[in-house]
Amino acid sequence: MAESKSKSDFVKEFYIPAYIFNDGTKISYGPDAPKSPVLVFINSKSGGQLGGDLLKTYKTVLNAHQVFDLGQEAPDKVLRRVYIRLEKLKQEKDELASKIHERLRIIVAGGDGTAGWLLGVVCDLKLPHPPPIATVPLGTGNNLPFAFGWGKKNPGTVLSSVLSFLEQVMKAKEMKIDNWHILMRMRAPKEGSCDPIAPLELPHSLHAFGRVSSTDELNMEGYHTFRGGFWNYFSMGMDAQVSYAFHSERKLHPEKFKNQLVNQSTYAKLGCTQGWFAASLFHPSSRNIAQLVKVKIMKKHGEWQDLHIPHCIRSIICLNLPSFSGGLNPWGTPSGRKLRDRDLMPPYVDDGLLEVVGFRDAWHGLVLLAPNGHGTRLAQAHRICFEFHKGAADHTYMRIDGEPWKQPLPIDDDTVMVEISHLGQVNMLATQNCPSKSVHDNPSSNSHHNVEEDDSDEEESTVEADEFRKFGAADTFRIPDEVDISQLS
C-alpha cells in the first residue's frame, strides 16, 4: 500500500488535470502544482510496435488528455490550443495554470525526423515561454536522443521503464542548442524538374526541406527556391546516398524493418553493395565534393572565404551536435595543440558554429569506431555556402537530420547555390552527463576538451534577414491523412 501511494505521489508531479485542456468543471487538485508537468507526443508507428505500446503506457500513467498520438493530431494544433487555454486561465487568476505554464516540459517519442518535427513547430509558434524538450529514442539512428543523454537504444514500454524515464525528465537540465536555416536556389530549368526526389511518398516538408510558395518573400521570379531547417546535421555525398538507398528499400519492403538491429545491419550492407568501401573503383571522381561544388565559409562577424576541400573527399557533413550515424562523433576531440594551431574552438552545441567534416570512403568512416577516431576536420563556420559547378553532375544526394533526398541539378546553369546560416536557439532537456556541451557549462565539466588525443596529421590545413526567422514547420510539417507516418524515422 505504501509503495502504491508513493508511486501515485510521484506521478502527480507530472500530471496535468483535465480542465486545463477543456472548459469542463474544474477539479480540486490539492495545494501544490506538479513540479514537472509534461505534454507527451508519440509517433505510434515508430519502432515497429513500440510506439503504440508506449502510447498505451503513458495514457495509463498520466491523464490521457496530456498524451498525444502524432498520427492523430499534429503538434502545432495541440500546442496552440493548450497555450491559448493556459493564457485564458491565467487571465482568470488561475494559479495552477500559471505554474503549469511556467514549468511545462515536452516529451517526444520517435526517430530523429519526429523529434525535428516537434522542434520546428516549437520554434515557429514563438511561444511566450517555450517548453524544453526531451526525446525518447524510437528510431534507427537516434542521434538527437543520444546527444542529450537519453540513449540510442529503443526503450522499454512497460510501466517501470516509463516511470524511470519520467524521473530522468524531472532531474534533467535545460540546455539551449543552435538551429540552422538552409536555403537552396537555382534558375528554373528549361525542361524537366529540379524538385527534391524523396525516397518515400511523403511531402518534402516532412523531411524538413521543400520548395517555398509563390507568395513567400524568399521566392524569386525565374528561380526555384527551397528552404528547410536542421538541428543536428546537413550532409551531402556518400553518406546521404546510402541513407537514400536505405529509405527506398524500407519503402519497398516495410515488413523487413521492424527491428532496430536489423535496420542497422541493412544500413551497413548497403554501404558495401554500393561500393563505398572501394569508392575509387566504383564511383567517378567527378562526384567528389571538390569537383562538384565550391565551398565558402564565414566565421562569426567575418567575411566569406574559400574553403579548401581535398580532392579525395566524397562526403561532407556540417555538424551541430556530437552525434551522427547512431551516436558517432565525426569531429572527435581535437587536442589543445590542434585547437591552437588551426584556430579552432572546442565544439559546443550553442556557440553559433557548425563543425565541417569530410570523409573519403566507407573505410574512412570506420575510424569513428576507434578511440579518438574522427573524419577530416575542415573548418568551423557560422555560415556556409555551396556553389555547384556548371554541369558537374545532373544530381546529388543530400540529408538533413537523417532524412535524405535525391536532388536533381540543372546541367546548363551555374547558379545552383545552397546556403546554411544560423537561425536561433531552442531549449532541450539533457541528462547531467550527456555528450553535448554548452559554452555555459562549468570549465571542469568540459575538461575532456583538454585531453590530448593522438591526432592524425591527415587534415588539410552580419544580422540575419527577417525571412530566415522561420522554419515553416507549424504550417508545412503537417502529416496528411493519407500518409503512413511509420515511414517517418
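None of the values given here were measured: they were computed from a predicted structure. (Residues numbered from 1 in each chain as written. Predicted model: local features only at pLDDT ≥ 70, side-chain atom pairs only at ≥ 80, totals over all residues. Heavy atoms only, no water.)

**Considering the nonpolar core**
Put simply, the rule reads: To form a nonpolar core, buried Ala, Val, Leu, Ile, Met, Phe, Trp, Tyr and Cys residues must be joined to one another through side-chain atoms within 4.5 Å. Three labels apply to residues, based on accessible area from a 1.4 Å probe with only protein chains included: buried if under 20% of the type maximum, exposed if over 50%, partly exposed otherwise in between. Here a strand is any run of E in DSSP of at least two residues, a helix any run of H or I of at least four, and the numbering for each starts at the N terminus. Should any heavy atoms of two residues lie within 4.5 Å, those residues are considered in contact.
Leu39, Tyr58 and Phe148 are the most contacted members of the largest nonpolar core, which totals 68 residues. No other element matches helix α5 (residues 112-125), which puts 8 residues into this core. Apart from residues no more than four positions distant in its own chain, Leu39 is found in contact with Ile16, Phe21, Gln66, Phe68, Leu79, Val82, Leu104, Arg105, Ile106 and Ile107. In this structure, Ile182, Met186, Ala290 and Val295 belong to the second largest nonpolar core, which totals 36 residues.

**Here's the deal with the pattern of salt bridges**
The cut-off we apply is this: The term salt bridge refers to a pairing of a side-chain nitrogen on Lys or Arg with a carboxyl oxygen on Asp or Glu at a separation within 4 Å.
The final tally for this structure, using the stated rule, is 7 salt bridges. Arg81 serves as the salt-bridge partner of Glu73, at 2.7 Å between the closest nitrogen and oxygen.

**Side note on the packing of helix α3 (residues 75-91) against helix α4 (residues 95-103)**
Test applied: Only the stretch in contact is used when a helix axis is fitted, and all axes are lines through C-alpha atoms; the angle between N-to-C directions ranges over 0 to 180 degrees. Each angle receives one of four descriptions, namely roughly parallel if under 35 degrees, roughly antiparallel if over 145, roughly perpendicular if within 65 to 115, and oblique otherwise. By definition, any crossing whose near helix is turned counterclockwise from its far helix by less than a right angle is left-handed, and any crossing with a clockwise turn is right-handed.
Interhelical geometry of α3 versus α4 gives an angle of 140 degrees and a closest axis separation of 8 Å. On the basis of the axis angle, α3 is oblique to α4. The chirality of how α3 crosses α4 is left-handed. Of the residues in α4, those touching α3 at Tyr83, Leu86, Glu87, Leu89 and Lys90 are Ala97, Ser98, Ile100 and His101.

**Considering α4**
As a reminder, the rule being used: Directions from the helix axis toward the C-beta atoms define the arc. Contacts described as polar in this section are N or O atom pairs within 3.5 Å, which, within protein, must combine one atom able to donate a hydrogen with one able to accept it, while residues neighboring in sequence count only if both atoms come from side chains.
Here α4 has its buried residues at Leu96, Ala97, Ile100 and His101. Summarising the axial view, the buried residues of α4 lie within an arc of 135 degrees, below the 170-degree limit, and thus occupy one face. In this structure, α4 carries Glu95 and Glu102 as exposed residues pointing more than 90 degrees from its buried face. Its side-chain oxygen placed 3.1 Å from the backbone nitrogen of Leu96, Asp94 serves as the N-cap of α4.

**A short note on empty space enclosed by the protein**
Convention followed: Residues are called lining when one of their atoms sits within 4 Å of a cavity or pocket point, these points coming from a 1 Å grid over the protein atoms alone, where a cavity is a set in which a 1.4 Å probe fits but cannot get out and a pocket is an open set with protein on both sides within 12 Å along at least five of seven lines. Grid points are joined across faces, edges and corners, and a volume is the space filled by probe spheres set on the points.
Roughly 50 Å³ of internal volume is contained in the second largest cavity. As for the second largest cavity, its lining consists of 11 residues, of which Phe388, His389, Ala393, Leu409 and Pro410 are closest to the centre.

**Describing the environment of Val38**
Mapping Val38 onto the fold places it in strand β1 (residues 38-42). C-alpha of Val38 to C-alpha of Met170: the two residues are 132 residues apart in sequence and 9.8 Å apart in space. The contacts of Val38, once residues within four sequence positions are left out, are Phe14, Ile16, Leu62, Gln66, Leu104, Arg105, Ile107 and Val169.

**Section: the sheet that holds strand β11 (residues 315-319)**
Convention followed: Pairing between two strands requires that DSSP report at least two bridges joining them.
Strand order across the open sheet formed by 6 strands is β13-β12-β11-β8-β15-β16, with antiparallel pairing between neighbours. Here the strands that pair on one side only, and so sit at the sheet edges, are β13 (376-381) and β16 (403-408). Averaged over all adjacent pairs, the angle separating strand axes in this sheet is 20 degrees, with direction ignored. As paired strands, strand β8 (residues 233-237) and strand β15 (residues 395-400) are joined by 3 bridges and run antiparallel to one another. Paired with Met236 across the strands is Met398, a residue of β15.

**Regarding the pairing of strand β3 (residues 105-110)**
Applied cut-off: A crossover gets the label right-handed when its path from the first strand over the helix to the second runs clockwise, viewed with the strands pointing away from the viewer.
Burial analysis of β3 places 6 of its 6 residues in the buried class, which makes it a mostly covered element. Because side chains alternate across β3, one face comprises the buried residues Arg105, Ile107 and Ala109, and the other comprises Ile106, Val108 and Gly110, equally buried. Direction of pairing for β1 relative to β3: parallel, over a ladder of 5 bridges. Opposite Val40, over in β3, you have Ile107 as the bridge partner. Read from β3 through α5 to strand β4 (residues 133-137), the crossover connection turns out right-handed.

**Thoughts on the packing of α3 against α5**
Using the following cut-off: Only Asp, Glu, Lys and Arg are considered charged in this grouping, and only Ala, Val, Leu, Ile, Met, Phe, Trp, Tyr, Cys and Pro are considered nonpolar; every other residue, Gly among them, is considered polar.
Two elements in contact, α3 and α5, have axes separated by 9 Å at closest approach and are oriented at 40 degrees. Classed by the angle they form, the pair α3 and α5 counts as oblique. Seen from above, α3 lies across α5 with right-handed handedness. Contacts between α3 and α5 involve Pro75, Asp76, Leu79 and Arg80 from the first element and Trp117, Leu118, Val121, Val122 and Leu125 from the second. Across the contact of α3 with α5, the residue classes break down as 7 nonpolar, no polar and 2 charged.

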